[in-house]
Structure formats: C-alpha cells, structure tokens
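Descriptive analysis of the structure
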Amino acid sequence: MNFTVGLTGGVGVLFALILGACPDRRVAAPPSSDTSFSQSIPTDVPYAGKNGYTLPKCLYCPDPQYSQEGLDAKIQGEVVLEAVIGTDGRVGTIAVKHSLGHGLDEEAIHSARDLWRFKPANGPDGKPAATRMLIDIDFHLY
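So, a few notes on the structure that sits alongside this text. (Residues numbered from 1 in each chain as written. Predicted model: local features only at pLDDT ≥ 70, side-chain atom pairs only at ≥ 80, totals over all residues. Heavy atoms only, no water.)

Points about the side chain of S67
Convention followed: The helix and strand labels rest on DSSP assignments: H or I over at least four residues marks a helix, E over at least two residues marks a strand, and numbering proceeds from the N terminus. N or O atoms closer than or at 3.5 Å make up a polar contact, with two conditions inside protein: a donor-capable atom paired with an acceptor-capable one, and, for residues adjacent in sequence, both atoms drawn from side chains.
Position of S67 relative to the elements: it lies in the loop between β3 (57-60) and α1 (68-73). A distance of 2.5 Å separates a polar side-chain atom of S67 from the backbone oxygen of H102.

Shown next as structure tokens:
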C-alpha cells in the first residue's frame, strides 16, 4: 500500500505535499470506530494560500491506516477532505468532498482530526490564523 497525502487550497489546486514527500508504509488495521462524517465548513474561514494567508505546514501527518473493509474489497482511490486548520495547528471541522467508502473516509478523518499537527497559516497581519484547505489522501494497493 502506498499513500500520497497532499494539501490543496481553493478548488483543487495542488499547493504542497505534506513534508515534501510522504514515505510509503505498509499498514493493515481494523476499521476506525469514528463514524462522524461531513460537517459544515464555516464560510467566514479564509482559504489557505489566498488573499495574503500563507499555507499551514505539516509538522506531524502520519499516513492513515487502510481499513480492513477497504483491503478486503481492494478499494483504491482518493479521499478529499476540506478541513479547517486552527491557530493551534489542529484540524477542526472536516467535510468529506470525495468519498471512497469502505471505512477509508473514516480512517482519513481520524488521522487528520486526531493525529495530524500543523504549523498554522499566517494571516495578512503576520499572526497565526485559522484557514481552510483541501486535503487529498490517496489509498493505493501495490
């Protein structure tokens, strides 16, 4: 299994790969118990990388685990999340923009919300600011 995790801002424009290059990892685990899916992203949160806002930088963004259901069904593809990265560097609100199902969405959400940490974006004033961005997570079996 190989994972490529990338961050995008705006509408599908690739801005940066997390940590420059994500190492390949072989992971097998049972499905996550986190079943909370899409939430409504606040419209007043600016997009990262636009209008004077910088991009958050990933400090710790481990690959999500492949769900057992996804492995059994041999599902491959991309989960796209829209997420708010807060001034504390944690992922807050998450909305699923492209789903794969089979427990892979939940694994992507769990990793982003519970494990990932970012250096937050800076606003036009140079201070840390909450921003929203798209996160592409590729699940591939090799």
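Let us keep going from here.
Remarks on helix α2 (residues 104-115)
We count it as follows: For a helix, the expected span equals 1.5 Å multiplied by the number of residues minus one. Relative accessibility decides the category of a residue: with a 1.4 Å probe and only protein chains considered, values under 20% of the type maximum give buried, values over 50% give exposed, and everything between is partly exposed. The criterion used for residue contact is that any of the two residues' heavy atoms lie within 4.5 Å.
In this model α2 runs 16 Å from its N-terminal to its C-terminal C-alpha over 12 residues, within 8% of the 16 Å that 1.5 Å per residue would give. Within α2, nine of the 12 residues are buried, which leaves it mostly tucked inside the rest of the structure. Residues of α2 that are buried: L104, D105, E106, E107, A108, I109, S111, A112 and R113. Those residues of α2 that are buried are in contact with α1, β4 (77-85), β5 (91-98), β6 (117-119) and β9 (131-140).

Here we look at the packing of aromatic side chains
Worth spelling out the cut-off: Centres within 6.5 Å are what make two rings of Phe, Tyr or Trp a pair, Trp counting through its six-membered ring; a difference in plane orientation under 30 degrees is then read as stacked, over 60 as edge-to-face, and the rest as tilted.
Using the criterion set out here, one finds two aromatic pairs in the structure. Ring geometry for Y66 versus F139: centroids 5.4 Å apart, planes at 90°, classification edge-to-face. Linking Y66 in the loop between β3 and α1 with F139 in strand β9, this pair joins segments that are 73 residues apart in sequence. Exposure class is identical for Y66 and F139. Each is buried. Judged by centre distance (6.3 Å) and plane angle (70°), the rings of W116 and F118 are edge-to-face. Overall, the relative accessible area of 0% leaves W116 in the buried class.

Some remarks on the pairing of β4
A regular strand places its side chains on the two faces of the sheet in alternate fashion. Spelled out, the test is: Strand pairing follows a simple DSSP-based rule, namely that at least 2 bridges must link the two strands.
β4 sits mainly inside the fold: eight of its nine residues count as buried. Here β4 pairs with β9 via nine bridges, running antiparallel. The residue of β9 that forms the bridge with V79 is I137. Relative to β5, β4 runs antiparallel, the two sharing five bridges. When the bridges of β5 are listed, I85 appears paired with V91.

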